Structure formats: C-alpha cells, structure tokens
Amino acid sequence: MKTHYRVVVIGGGIVGTSILYHLTRKGWTDIALIERAELTAGSTWHAAAGFHALNADPNVAALQTYTINLYREIEKESGQSVGMHMPGGYSIATSPQRWEWLQAESAIYETLGIGARLVTPEEIVAECPIVAPEGLLGGLFDPHEGAVDPHGTTHAFAIAARQRGADVVLRNRVLAIAPHPGGGWRLETEQGPVIAEHVVNAAGLWARRVGNMVGLDLPLTPMSHHYLITEDLPALLAMDHEMPCVTDLEGFTYLQQERKGVILGVYERDPRHWKVEGADWDYGMDLLPEDIDRIAPELSIGFERFPCLQDAGIRKWVNGAFTFTPDGNPLVGPVPGLKHFWSACGCMSGFSQGGAIGLVIANWMVDGDPGMDIFGMDVARYGAFASNDRYLRDTTAQFYRRRFVMAYPNEELPAGRPLKMTPSYDAQAAAGARFGVVWGTESPQYYATNEPDFVDPPSARRADCHRFVAAEVAATRSAAGLLDAGVYARYEVTGRGAAAWLDGLLANSLPTEGRVRLAPMLAPSGKLMGDLTVARLGPEQFWLVGSYYLQEWHQRWFHEHLPANAVASGSVQITNLSESWLAFSLSGPKSREILAALTRADVSTAALPFLGISRMDVGPTQAVVVRMSLTGELGYEITVPAAQQRALWQALMAAGTPQGMLPIGMRAQDSLRLEKAYGVWSLEFAPSYTPAMSGLDKFIAWDKGEFIGRAAALQQRGKTPDQQLVLLSIDSHDADVLGREPVFSAGERVGFVTSGTYGHHVKQSLALAYVDSACLAAGAKDLSVAIIGQPRPARWLRELPYDPKGTRLRA
Ligand SMILES: Cc1cc2nc3c(=O)[nH]c(=O)nc-3n(C[C@H](O)[C@H](O)[C@H](O)COP(=O)(O)OP(=O)(O)OC[C@H]3O[C@@H](n4cnc5c(N)ncnc54)[C@H](O)[C@@H]3O)c2cc1C
C-alpha cells in the first residue's frame, strides 16, 4: 500500500470492486481499494446473486440493464469466470388487479426498450413445470433475468482493475477519516495512514459506521433476509435446459434454479432489522440463525405455488443481512457538504446495480457529471430527517414487506408519517384534507369535504377522489383555489457578489428589483439542472424557488459552483429558507378581490403586474407576494414566516370562502397545470433533457454573456431536437396515464409520456409526452398511447385546450 492515492475506495464487495474497475477504465490508476477482511466479506459472499433489469424507476432500470450487459465483458477481460446464467424470468400474476398492473408495466418497459413481454399461464407452466397452474392469470417475461457467482464476479472486477493498475489492499480496516490540511482526506488504517484526494464509502453493512467517521448519518440500515437451497428436484433433473426464474408477486417469493435444485427467497411481511447502526467491526463471514417460524406464512404460500418443494430436501438455509434505504434504491454520489467524499452504499441489489454504480461514480468523479439522470439513486435525494432510526426502521420495513406489492398512483403509504407538518395541518385536516408526503412533509392531495369517512380504494384507474378534484378545479377556474405551497424550496442569495454569481449560474437574465423570472439552470453538458424561479427583492437580495425535495441536490450544486473567493470573502451568502418561510398559492379569477380584502397594498395590475413581487401585510401576516400561478389563472404566491402560516390560512379562508374559493390539493393542481401544458421537475424537466427539447430554451438569455452550460446549449440552438415535449389528448373514459407509457404513431413507437391526468375543466384525458420531431413534422398522425396496457387513440394538441393566449394569467 502506498501512502498517497488519488482515490481510496473503502470496501471490497461487489460495489467497491466495480467502482475500482470503472475508475481504471476512465484512466485513473493511482487508486486503491481497502478492504477490512477479504473480498466479498460483507453481504456479497452469501447473496443469491440474482439479477434483473426491471425497476420501478426507469432510469434505474436502464442502469440495471447496463450492469447485466457488463458481466460477459468483465469475465473476458479478467479471465475470471463470473458464473453467469441468464434463463430469463417470469413475474407471475394471480389476481386480476396484478394482471392489469403487469399489462401496464409491460407497456412502460416497452418505452425503455427492455424487451419484456406478457405471457400466458400455459407458457409459464410449460417453461417452469414446477409452477402450480392454479389461479395463474398470466405473467411478464424479462429475458434479462438470471444469476451470477458472487465470489467470481467480485474477483473479476478486482482482477481487471488490478490489471489496469489499481491496488487492492486486504485485511486492512479503515479506522478513522479526517480532512487532510492540504486538501483531500487522511485515513487511519490498520496498516498505517493514507492520504487520498477522494474517498468512496462502499462499506456495505458497515457504511453507516464509516459515514459516522466524517460526521455523516446515512439513511440506510441492514435487514435480515432468508433463502433456502433445495436438493436436486426430479422435475429439473428431467429438463435439458435451465428453468427460468419465477417471482410470485402475490406470494412474496422468488425462485431461481441452482444446479438441479432451486433457491427460494422470501420477502416476509414481518421483517427484521439487524444492527441498525451498522454491523459490528468484528462481524465475520457468518450467517444469522434462521427464523423459520417467522417466515412460515410466506414459505407456505411458496410451497403451494411450487408444490414439489413440499417433499424436497433442504440442502441449506441462508439468513444474511444486507442494507436497505427508505425507497430501496442505493445512496450514490458526492455527499453534500463534504468535498470529495463519495457515497456508494445502501445497495440492496448489488448484482443488478453494482456495475452501474461503478459507472456512475467513475463518470461523476472523472468528468464532473454522472452522465445520466440518476436522481433515483442520488445520495442527495434525502435530507437529515430520513436518518432518524425510527423513520428508517418504519420506512425500510414498509419497503421490504412491499417489495413485490404493486403501488397504485392514488396510494399514500403510511410509514414515517406524519413527520413534518405545517402549522395549518390540523386546520386543513379539519377541512377534509387527505395528505400525501413530500420529503417528509405532509401535503394536501385533495379535500374530501364533508365526507370524513371517505376512503379512496387503491386503483390504477380514475380514483374515487376524482369528484373532489373536479370540484376543486371548477372552483379555481370560476372563483379561486387555495393551495398549500409549503412543499416548495426557497433559498435566499444575498451579498455584493450575489447578482454576478447568479448570472453565471442561471441561464436566464436576472430580474430587476421587484420582478420575478423563470430560471432554467443548465449543466456544462447543456442539459437541464433546474427549473427555478428567481425573484429580486433588493439590489443584492434574491430568492430562488424550486422543488422542495431537491433541497440537498440544489444546494450541493450551488456550493459546488460557488467560487472559493466568494466563500472566503463572504460576498455571496446562500440561506435555505424552505422550512422557515411557507407559502400558499391563491389563484383564480377572484383571487385579486380576495387578496385586496386582506391588504392595504395596491394589488392592481399597474401596481403588481404579472411576475411582480412585493412585500405587504396580508391579514395579520407580513408577507412576500409574487404574482404568478401554476394553474393558468390570475394568482398570487403568498409567502410568510412559518410561524404565521396558520394565521394566513385562517385569513385567506375567511376572505375567500364567501367568494366561492375552495382549498385545493396537489391533484387539482396537476389537472390545472396539464390544461396549460406546464411541465414540472423530474417529469417533464430532468437532467436527461435539453432546453430545446423541453421548451425551456425560450427563457434563456443567449446574449447576456457566460453562464454554465452556455457553450453546449448554443450548439443545439436553432437545431431541431430529436424529440420535443408536446401535449396530447387521449380518448379514455375510465383511466389516465401514469407516466412513461409509450406513444405510437401508426403502430410505431415514437415517444413516451412524462405525466398526465384528467383535465377536469376541458374534460379531456391529457398527457405531456416527448415525441420524435420527425413524427411531429409529419403531422403526428394516427397517434395512440397505451393506458394500462391498452392502446387508446390520441391527438397532438397544437393549441392549448385552455386559455391559449394566456390572458387569464395576465388579467
Ligand atoms: C441472503 C442474501 C441474499 C441476497 N440475494 C441477492 C440477490 O439475489 N441479488 C442481488 O442483487 N443482491 C442480493 N443480495 C444483496 C447483495 O448481497 C448486496 O446488494 C451486495 O452484496 C452489496 O454489496 P456492497 O459491496 O455494497 O456491500 P458488502 O458486500 O457488504 O461489502 C462491503 C465491504 O466493505 C468492507 N468494509 C466495511 N467497513 C470497512 C472498513 N472500515 N475498512 C475496510 N473495509 C471495510 C467489508 O468488509 C465488506 O467486504 C443478497 C444478500 C443477502 C444477505
């Protein structure tokens, strides 16, 4: 081991070795992996090591496909067998709801080009003769399902990395990590100190403890997991090819062939955490004692679905631990606030995702950009709230027991809630609010007014709450709607360097004092990094407003792009106001009247025009009022110190209710924004898309001088992008799109849906979609969109269905 490295990766599991390999592929060889014991000594050695491409997050699904495609390559390069076998796998449905859900999923996987296909019960039983046919309705076949040898695969990555120049240091625990005075990090290890420019935490079961070494508390926890391996089965002995894998979605089990027997794994409904703080340092390559009584209910369902297992000999029980995060995806990327400290942990699916994590970390470290939209696995998607032990236990247990359970679009899951509540939470609940959760904060989805016992059954079709949403949309279009906008993030940027810094960060031109602008933010690649609004409250005082759940992500970007001299001189200060200032969005034709009744300030268009901002008293509160809305109506965003938010609610409700105003939730907001084709972050706007594709290029100030991403964006300027964001109307009377459905023209796939819902005012099922420019140029004829797997005719709406000239917004 040398005393200095450019990168030290801590942990020799499937994830750490993949990172080491990918860094060498990018040409970085002054790097080392330091492992406490032997390679694979954490979760990796006892994994069933199954893999699949399917994932609820399409970007993660694409990365899983990358991982799978890498196995043959790495085997060839290293000369080490990875023991790969890929017979494909069936996810089976035994209830009509599940079968319908699989049909919808299948259409979405078509968008991703994964090649999964729907199959009949007959095919499943013919290919997998140990499956009982009773109750089988069909399945989804994923050709990319299989398994590898965990030991061989980990060693293959390590061998290939070594061959390319990396060091692998075994039996050397990292004991402590501290910032190095000359930059980078100093690691104390059992074999002596090491200085590294970058450190990667790939410590798996110990990752929370390794995070603690630098003052981090990562939201991950180990949980125990069982599988059994049978002796040879006569049915498999009689087969001359490998049986595909089977996941019984209602049975909580997965099964894969292991020699001439099978592995049967269980996601039980009564899961157990193990060492929430991380494994003990002296934990060896040991199994946990099996707890068969606890998993017996799910095992017995498994034994009914695979009846031959009832008489099979059990060769081995495995109960091992691996780590989970609240949403089941790993924690990857640069840790906000810790320069050159990287997270690559929380990975519950190392054999589907390990390769991709290596690719992403290497791209990000070497090129400064992960190379794709990986927000679904970004360590910056969580805030500190998620690391609370109770929150972690509740959310990870919820994820574990719902591993194969389908999630419906109108379902709000209960774990870890309520955690953060705005001051008017109780008052909103009393008014009938039904809450969803955004980044730990309760947010009204709709108001079941006067129906305290209303329950919305989970459904992939139009939900029963449709009628409440319809009333909220109608009130907003005819009178006013009051939306809790507490789930927006606000950052204040002040100081003599504030304007210059923001000018280089944002692609639009900065507003003058008292004005607001829409502010696209770009990456150096010219792709989108944000869809903020920027308000100028004073010569050196700005507010940036964006999506609430992106707080860590945005701030990491801001601080990464803050010049060292601005930090040293204090000429730019960034303060996160997201929890200390809260807003309501009041919109609709009567919103001015309602606001005017609560303030002495002049709120006429002359005094407060569209995209104007002004401080004023509103009822008993001291507010900052911006004239804008996401509903397409005349509207105001009224922001107050958090402690005054409840008083603001009371004042607005008292003034608005006699005018026909209703409190509205996020579902109504969605319907209203779709009628105006307004996109939102993560759906229409995301790091995969360019300003030209998304239409945000119209806000770019090309002539203002240098800003991040300008050079790349200029190259795209004036050129027709491959795909463009358009609004579609779909002939559908009982269901709307969920997102990611493929769009067809004359039967050929020409795009995909980003989001959609029912437009209650225009009475159409609407969807925003990225569609091939060539198809649009040819008139986008004979369009269709698969809703719950069934193609439905669609039309491109070249003109907005509601207020196309935007006169209501500017009224
Ligand atoms: C029973 C079971 C079945 C599973 N089945 C599957 C499956 O079918 N498919 C699938 O994809 N996944 C499966 N998994 C999960 C899979 O094992 C994990 O996703 C994967 O192993 C995680 O790899 P890792 O590299 O992140 O962590 P680990 O394998 O835990 O590796 C971390 C390494 O870091 C080292 N380390 C920790 N702290 C230090 C330190 N301070 N200094 C130096 N080194 C340190 C450890 O010794 C260890 O070797 C299963 C897991 C179990 C237990």
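Calculation rules
Residues numbered from 1 in each chain as written. Predicted model: local features only at pLDDT ≥ 70, side-chain atom pairs only at ≥ 80, totals over all residues. Heavy atoms only, no water. Pairing = 2+ DSSP bridges. Helix = DSSP H or I, 4+ residues; strand = E, 2+ residues; numbered from the N terminus. Axes fitted to C-alpha atoms, helices over the stretch in contact; angles between N-to-C directions. Contact = heavy atoms within 4.5 Å. Near = heavy atom within 4 Å. Polar contact = N/O pair within 3.5 Å; in protein donor to acceptor, adjacent residues only side chain to side chain. Areas by Shrake-Rupley, 256 points an atom, 1.4 Å probe, with all protein chains shown as cover. Buried < 20%, exposed > 50% of the residue type's maximum accessible area, 1.4 Å probe, protein only. Salt bridge = Lys/Arg side-chain N within 4 Å of Asp/Glu carboxyl O. Core = buried A, V, L, I, M, F, W, Y, C linked by side-chain atoms within 4.5 Å. 1 Å grid on protein atoms, 1.4 Å probe; cavity = no way out; pocket = protein on both sides within 12 Å on 5 of 7 lines; lining within 4 Å. Points joined across faces, edges and corners; volume = space filled by probe spheres on them. Nonpolar A, V, L, I, M, F, W, Y, C, P; charged D, E, K, R; others polar. Phe/Tyr/Trp six-rings, centres within 6.5 Å; stacked < 30°, edge-to-face > 60°. Lys NZ or Arg CZ within 6 Å of the ring centre and 35° of its normal. Arc of directions from axis to C-beta. Parallel < 35°, antiparallel > 145°, perpendicular 65-115°, else oblique.

**Structural notes on the sheet that holds strand β16 (residues 314-324)**
Strand order in this open sheet of eight strands is β5-β6-β4-β13-β14-β15-β12-β16, and the pairing throughout is mixed. Two strands bound the open sheet, and with one partner strand each, they are β5 (117-119) and β16. Taking each pair of neighbouring strands and ignoring which way they run, the sheet shows an average axis angle of 25 degrees. Both strand β12 (residues 221-230) and strand β15 (residues 261-266) contribute to a ladder of four bridges, which runs antiparallel. Paired with Leu228 across the strands is Leu264, a residue of β15. Packed onto the sheet, helix α10 (residues 389-401) meets β12, β15 and β16 and runs at close to 25 degrees relative to β12.

**A word on the sheet that holds strand β36 (residues 783-787)**
Taken in spatial order, the six strands of this closed barrel run β32-β35-β34-β33-β36-β37, and their pairing is antiparallel. Taken over all neighbouring pairs, the strand axes of this sheet differ in orientation by 45 degrees on average, direction set aside. Here three bridges tie strand β33 (residues 742-745) to β36, and the two strands are oriented antiparallel to one another. Following the sheet pairing, Val743 is matched in β36 by Val785. On top of the sheet, helix α3 (residues 96-112) reaches β33, β34 (748-759), β36 and β37 (790-796); it is set at about 70 degrees to β33, its chief contact.

**So, the site of the ligand**
Around the ligand, 40 residues are found, and the nearest of them are Glu35, Thr44, Gly50, Cys347 and Phe351. Ser349 has a polar backbone atom sitting 3.4 Å from an oxygen atom of the ligand. Phe351 has a polar backbone atom sitting 2.8 Å from an oxygen atom of the ligand. When the ligand is considered free in solution it has 1000 Å² of accessible area, and contact with the protein chains removes 97% of it. Of all elements in the fold, only α1 (14-25), β12, β16 and α9 (350-367) reach the threshold of two or more residues within the shell around the ligand.

**Notes on the pairing of strand β25 (residues 541-547)**
Buried residues dominate β25, accounting for six of its seven residues. Of the strand pairs in this sheet, strand β24 (residues 528-538) and β25 are connected by five bridges, and their pairing is antiparallel. Within β25, the residue paired with Val534 across the bridge is Leu544. Counting the residues in the hairpin turn of β24 and β25 gives two residues.

**A short note on the pattern of salt bridges**
In the structure shown here, the tally under the stated rule is 36 salt bridges. As a salt-bridge pair, Glu633 and Arg808 come within 2.9 Å of each other at their nearest N and O atoms. Taken together, the positions of Glu633 in the loop between β29 (621-626) and β30 (635-641) and Arg808 in the segment after β37 put the pair 175 residues apart, joining distant regions of the chain. You can call Glu633 buried: its relative accessible area is 1%. By relative accessible area, Arg808 is classed as partly exposed at 31%. Across the pair Arg673 and Asp670 runs a salt bridge whose closest N-O atoms are separated by 2.9 Å. Linking Arg673 with Asp670, this pair stays in helix α18 (residues 666-675), spanning three residues, or about one helical turn. Judged by its relative accessible area of 1%, Arg673 falls in the buried class. Owing to a relative accessible area of 30%, Asp670 belongs among the partly exposed residues under this scheme. A cluster of three or more residues bridged by salt bridges with shared partners is formed by Glu100, Arg461, Asp734 and Arg792.

**Points about the side chain of His760**
Tracing the chain through its elements places His760 in the loop between β34 and β35 (764-772). For His760, a relative accessible area of 9% puts it in the buried group. Setting aside anything within four residues of it in sequence, one finds His760 in contact with His466, Val469, Ala470, Val473, Ser671 and Glu675.

**With respect to the side chain of Ser732**
Here Ser732 is to be found in the loop between β32 (723-730) and β33. Within polar-contact distance, the side chain of Ser732 engages the backbone oxygen of Ala735 at 2.4 Å. What Ser732 contacts, discounting residues up to four positions off in sequence, is Arg462, Ser765, Ile787 and Arg792.

**Quick notes on the nonpolar core**
Of all hydrophobic cores here, the largest spans 70 residues; its most connected members are Ile19 and Ile357. Sorting elements by how many residues they give to this core places α9 first, with eight residues. Grouped together as the second largest cluster of nonpolar side chains are 54 residues, Val194, Leu218, Tyr283 and Trp439 included.

**Observations concerning empty space enclosed by the protein**
Under the definition given, this model contains one cavity of 30 Å³ or more. As a volume, the largest cavity reaches approximately 40 Å³. Taken together, Ala104, Ile108, Asp736, Val737, Leu738, Glu741, Ala786, Ile787, Ile788 and Gly789 make up the full set of residues lining the largest cavity. Those elements that provide at least two residues to the lining of the largest cavity are α3 and β36. In terms of residue class, the lining of the largest cavity is made up of seven nonpolar, one polar and two charged.

**Section: the packing of aromatic side chains**
Evaluation of the coordinates by the stated rule reveals 30 aromatic pairs. On the numbers, 6.0 Å between centres and 10 degrees between planes, the contact of Tyr446 with Phe468 is stacked. Here Phe468 lies in helix α12 (residues 466-478) and Tyr446 lies in strand β20 (residues 441-447), a separation of 22 residues in the sequence. There is no split in this pair, since Tyr446 and Phe468 are both buried. Here the aromatic rings of Trp543 and Trp581 are separated by 5.2 Å at their centres, their planes lie at 70 degrees, and the arrangement is edge-to-face. With Trp543 in strand β25 and Trp581 in strand β27 (residues 581-587), the pair connects residues that are 38 residues apart, well separated along the chain. For the pair Trp543 and Trp581, one class covers both residues: buried. Members of the aromatic cluster, connected to one another through ring pairs, are Tyr254, Tyr267, Phe322, Phe324, Phe399, Tyr400 and Phe404. Looking at Arg477, its charged tip hangs above the ring of Tyr802, at a distance of 3.7 Å from the centre.

**Quick word on helix α13 (residues 498-505)**
What α13 keeps buried is the set Ala498, Trp501, Leu502 and Leu505. Buried residues of α13, viewed axially, fall in a sector of 95 degrees; they line one side. Buried residues in α13 make contact with β22 (488-494), β23 (516-522), β25, α14 (551-560) and β26 (573-576).

**Here's the deal with the packing of α1 against helix α2 (residues 58-78)**
Taken N-terminus to C-terminus, the directions of α1 and α2 make an angle of 75 degrees; their axes are 13 Å apart at the nearest point. What the angle tells us is that α1 and α2 run roughly perpendicular. Between α1, through Tyr21, His22 and Arg25, and α2, the contact on the second element is made entirely by Tyr66, Leu70, Glu73, Ile74 and Glu77. Classifying every residue of the contact of α1 with α2 gives four nonpolar, one polar and three charged.

**Considering the pairing of β32**
A large share of β32 lies buried, amounting to seven of its eight residues. Relative to β35, β32 runs antiparallel, the two sharing eight bridges. Across the sheet, residue Gln723 finds its bridge partner in β35, namely Asp772. Bridge count for β32 against β37 is three bridges, and the pairing is antiparallel.

**Examining the environment of Leu338**
Considering the arrangement of structural elements, one finds Leu338 in the loop between β17 (331-334) and β18 (341-345). On a C-alpha basis, the gap between Leu338 and Val214 in space is 8.5 Å, while along the polypeptide they are 124 residues apart. When sequence neighbours within four positions are dropped, the list of residues in contact with Leu338 reads Trp185, Val214 and Leu216.

**Side note on the environment of Thr757**
When you line up the elements, Thr757 lands in strand β34. In sequence terms Thr757 and Ile314 are 443 residues apart; their C-alpha atoms lie 50 Å from each other. In this view, Thr757 contacts Asp670, Ser671, Leu674, Asp736, Gln764, Ser765 and Leu766; residues no more than four positions away in its chain are not counted.

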